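Each chain is listed here by its residues.
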Amino acid sequence: MARRHTLDSGSLYAGRLSPHETAQRLESFLARWRESGGRAIDAFALAAGSEDALDLLPDVPPWVECVGALVTKDRTRVLLWLKSKPSAGESNIYEKISAGVQLPFKRPQWWASRSVRIRYYVIPPSPAGGADALLSGLEQAHGSLIVLSPPGSGEMLIQISESR
């Protein structure tokens with residue numbers, strides 16, 4: 001069962017997923033991505049370790065409904081699974097994300113390089129079907145605190161890897 005964590009406002013909650021729940025959500029996401037015609041995503045060697053998603057995401061914004069994180073066996077990649085939700089009074093969360101809503105990510109302490117590569121995979125809510133409903137992107141960032149900028153809303157996989 002997902003644990004709950006109170007956000008700054010005191011009235012908004014983000015579900016924290018266990019490593020097992022996160023792995024299940026990732027497997028489901030990857031299956032739907034392939035079925036929808038998305039480009040192949042590297043097979044992930046899931047499991048060995050896990051990180052608390054909310055330790056890696058110090059400020060979880062109110063548009064995050066549910067979040068989980070896993071670390072690959074080689075410890076060079078963090079896989080974040082997120083599901084966004086519309087905030088109260090907002091009809092289109094995509095407009096808010098497009099307008100600059102961002103997600104801070106704290107680089108794991110065991111990574112030696114300050115540079116990271118970020119890959120986004122997003123299945124928008126109620127997709128019309130087909131590959132055109134899938135969003136993806138790639139960016140490079142540096143530093144201890146990285147700002148993630150998803151290309152859209154919905155269910156997403158964000159792969160953050162150490163870049164040497």
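Quick notes on the rules
- Residues numbered from 1 in each chain as written.
- Predicted model: local features only at pLDDT ≥ 70, side-chain atom pairs only at ≥ 80, totals over all residues.
- Heavy atoms only, no water.
- Helix = DSSP H or I, 4+ residues; strand = E, 2+ residues; numbered from the N terminus.
- Buried < 20%, exposed > 50% of the residue type's maximum accessible area, 1.4 Å probe, protein only.
- Contact = heavy atoms within 4.5 Å.
- Core = buried A, V, L, I, M, F, W, Y, C linked by side-chain atoms within 4.5 Å.
- Phe/Tyr/Trp six-rings, centres within 6.5 Å; stacked < 30°, edge-to-face > 60°.
- Lys NZ or Arg CZ within 6 Å of the ring centre and 35° of its normal.

Participant: I would appreciate a short explanation of the overall build of the protein in the present structure.
Facilitator: Scanning the protein from terminus to terminus reveals 3 helices and 9 strands. From first element to last, N terminus to C terminus, the protein shows the α and β order β-β-α-α-β-β-α-β-β-β-β-β. Split into buried and exposed, the 164 residues of the protein put 48% on the buried side. Taking the contacts inside the protein whose residues are at least 6 apart along the sequence as the reference set, 65% of them involve residues at least 24 apart.

Participant: How should I be thinking about the nonpolar core in this particular structure?
Facilitator: Generally speaking, a soluble globular protein has its nonpolar side chains buried in company with each other. One finds Leu80, Phe105, Ile118, Leu148, Ile158 and Ile160 to be the most contacted residues of the largest nonpolar core, which totals 24 residues. Only strand 3 (64-71), strand 4 (77-84), strand 5 (103-106), strand 6 (115-123), strand 8 (145-148) and strand 9 (155-162) provide two or more residues apiece to this core. Ignoring sequence-local partners within four residues, the contact set of isoleucine 158 consists of Val78, Leu79, Leu80, Leu82, Ile118, Arg119, Tyr120 and Leu148. The next biggest cluster of nonpolar side chains, apart from the first, holds 15 residues, and it includes Phe29, Leu30, Cys66 and Leu70.

Participant: Mind showing me how you'd approach the packing of aromatic side chains here?
Facilitator: For the structure shown, the criterion picks out 2 aromatic pairs. Ring centres of phenylalanine 29 and tryptophan 33 lie 5.8 Å apart, and the angle between their planes is 25 degrees; this geometry places the pair in the stacked category. Of this pair, phenylalanine 29 and tryptophan 33 both sit in helix 1 (residues 19-35), 4 residues apart, which is roughly one turn of the helix. Taking the relative accessible area as the measure of exposure, phenylalanine 29 reaches 0% and is therefore buried. For the ring pair tryptophan 33 and tyrosine 121, a centre distance of 5.4 Å and an interplane angle of 85 degrees mean the geometry is edge-to-face. Of this pair, tryptophan 33 sits in helix 1 while tyrosine 121 sits in strand 6; the two residues are 88 residues apart in sequence, bridging distant segments of the chain. Here the two residues tryptophan 33 and tyrosine 121 agree in accessibility, since each one is buried. By way of ring pairs, the aromatic residues Phe29, Trp33 and Tyr121 are connected into one cluster. Its end group placed over the ring of tryptophan 110, arginine 75 keeps NZ or CZ at 4.0 Å from the ring centre.

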